[in-house]
Amino acid sequence: MSSINYPSNAIVNNNVVVALNPAGTTPDYRIYTLRTSHYVVDIVGFYDVPHATPLDCVTVLDTVVTNVPASSNGFYYSTASCPANYAESSPYCYSGAQPEIFSGGSGINPSSFCQWVNLGTTSKTVYEGKRCCRVPGR
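None of the values given here were measured: they were computed from a predicted structure.

**Q** How would you explain the side chain of K130 if you had to name every residue and give the values?
**A** If you trace the backbone, K130 turns up in strand β7 (residues 124-134). With a relative accessible area of 8%, K130 lands in the buried category. Within the local environment of K130, its side chain forms a polar contact with the backbone oxygen of A80, the two atoms lying 2.9 Å apart.

Printed below as a string of structure tokens:
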């Protein structure tokens, strides 16, 4: 395949995108000429195959600890804020593995809430917040 054809004594330039040999068993490109020639090859950039990028996530806790009264249930909204360039992905509800506490969380952008059910006889301390994520490099 020819990328450029030119008459004798002509000064010609061209831009060519060349697919490289991924196996590396043969040269990626060749330059052939029928006459004495001067040429310059300048590699400006390249195309790469797409790569999966894992999310960068952080958990942000509320500054106020919630106490769930004995034999009660309720919805508690998180007031935590995601850092700049991070978006809320889910609520963070943590009871410290207390056997009488059950939680269920829902994400309602821009607010998250935790629903706590305390089946015990004393109030329980629980922690709430948000899980915030971003695509790295953005």
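**Q** How would you explain the packing of aromatic side chains if you had to name every residue and give the values?
**A** The tally for this structure, following the rule as stated, stands at two aromatic pairs. Ring geometry for Y92 and Y94: centres 6.4 Å apart, planes at 20°, overall stacked. The partly exposed category is assigned to Y92, whose relative accessible area is 28%. In this structure an aromatic cluster arises from ring pairing among Y92, Y94 and Y127.

**Q** Lay out the environment of V17 in plain terms, naming residues and giving numbers.
**A** Mapped onto the secondary structure, V17 falls in the segment before β1 (56-61). With 28 residues separating them along the chain, V17 and G45 place their C-alpha atoms 9.7 Å apart.

**Q** Go over the state of the cysteines, please, and point to the residues and values.
**A** Counting across every chain of the model gives two disulfides. Across the disulfide from C57 sits C133; the S-S distance is 2.1 Å. One quick way to see it: the torsion about the S-S bond of C57 and C133 is about 110°, and its sign makes the bridge right-handed. With a gap of 76 residues between them, C57 in strand β1 and C133 in strand β7 connect regions that are remote in the sequence. Residue classification places C57 among the partly exposed positions, given a relative accessible area of 26%.

**Q** Give a detailed account of the pattern of salt bridges, specifying residues and quantitative values.
**A** Throughout the structure, instances matching the rule amount to two salt bridges. Between D56 and R134 there is a salt bridge, with the nearest N and O atoms lying 3.2 Å from each other. Of the two residues, D56 sits in strand β1 while R134 sits in strand β7, which places them 78 residues apart along the sequence. With relative accessibility at 24%, the residue D56 sits in the partly exposed group. A relative accessible area of 24% means that R134 is categorised as partly exposed. K130 serves as the salt-bridge partner of E88, at 3.7 Å between the closest nitrogen and oxygen. With E88 in strand β4 (residues 87-94) and K130 in strand β7, this pair connects stretches of sequence that are 42 residues apart. On the accessibility criterion, E88 (15% relative accessible area) is buried.

**Q** Account for a nonpolar patch on the surface, with residues named and values stated.
**A** Taken together, V16, V18, L20, Y29, I31, Y39, V41 and I43 make up a surface patch of nonpolar side chains, about 800 Å² in accessible area. Note on placement: Y29 falls in the segment before β1.

**Q** Tell me what's going on with the environment of I11, and back it up with residues and numbers.
**A** For I11, the location among the structural elements is in the segment before β1. Counting along the chain gives 27 residues from I11 to H38, while the straight-line C-alpha distance between them is 9.9 Å.

**Q** Describe the confidence of the model for the protein, listing the residues and the values that go with them.
**A** When pLDDT is averaged across the protein, the result is 78; 83% of the residues are at 70 or more. Per-element confidence in the protein is highest for β1, whose mean pLDDT is 92, and lowest for strand β5 (residues 101-108), whose mean pLDDT is 60.

Rules of the game
- Residues numbered from 1 in each chain as written.
- Predicted model: local features only at pLDDT ≥ 70, side-chain atom pairs only at ≥ 80, totals over all residues.
- Heavy atoms only, no water.
- Helix = DSSP H or I, 4+ residues; strand = E, 2+ residues; numbered from the N terminus.
- Buried < 20%, exposed > 50% of the residue type's maximum accessible area, 1.4 Å probe, protein only.
- Polar contact = N/O pair within 3.5 Å; in protein donor to acceptor, adjacent residues only side chain to side chain.
- Phe/Tyr/Trp six-rings, centres within 6.5 Å; stacked < 30°, edge-to-face > 60°.
- Disulfide = S-S within 2.5 Å.
- Salt bridge = Lys/Arg side-chain N within 4 Å of Asp/Glu carboxyl O.
- Patch = residues over 30% accessible without salt bridge, like charges linked within 9 Å, V, L, I, M, F, W, Y side chains within 5 Å.
- Areas by Shrake-Rupley, 256 points an atom, 1.4 Å probe, with all protein chains shown as cover.
- pLDDT = per-residue confidence, 0-100.

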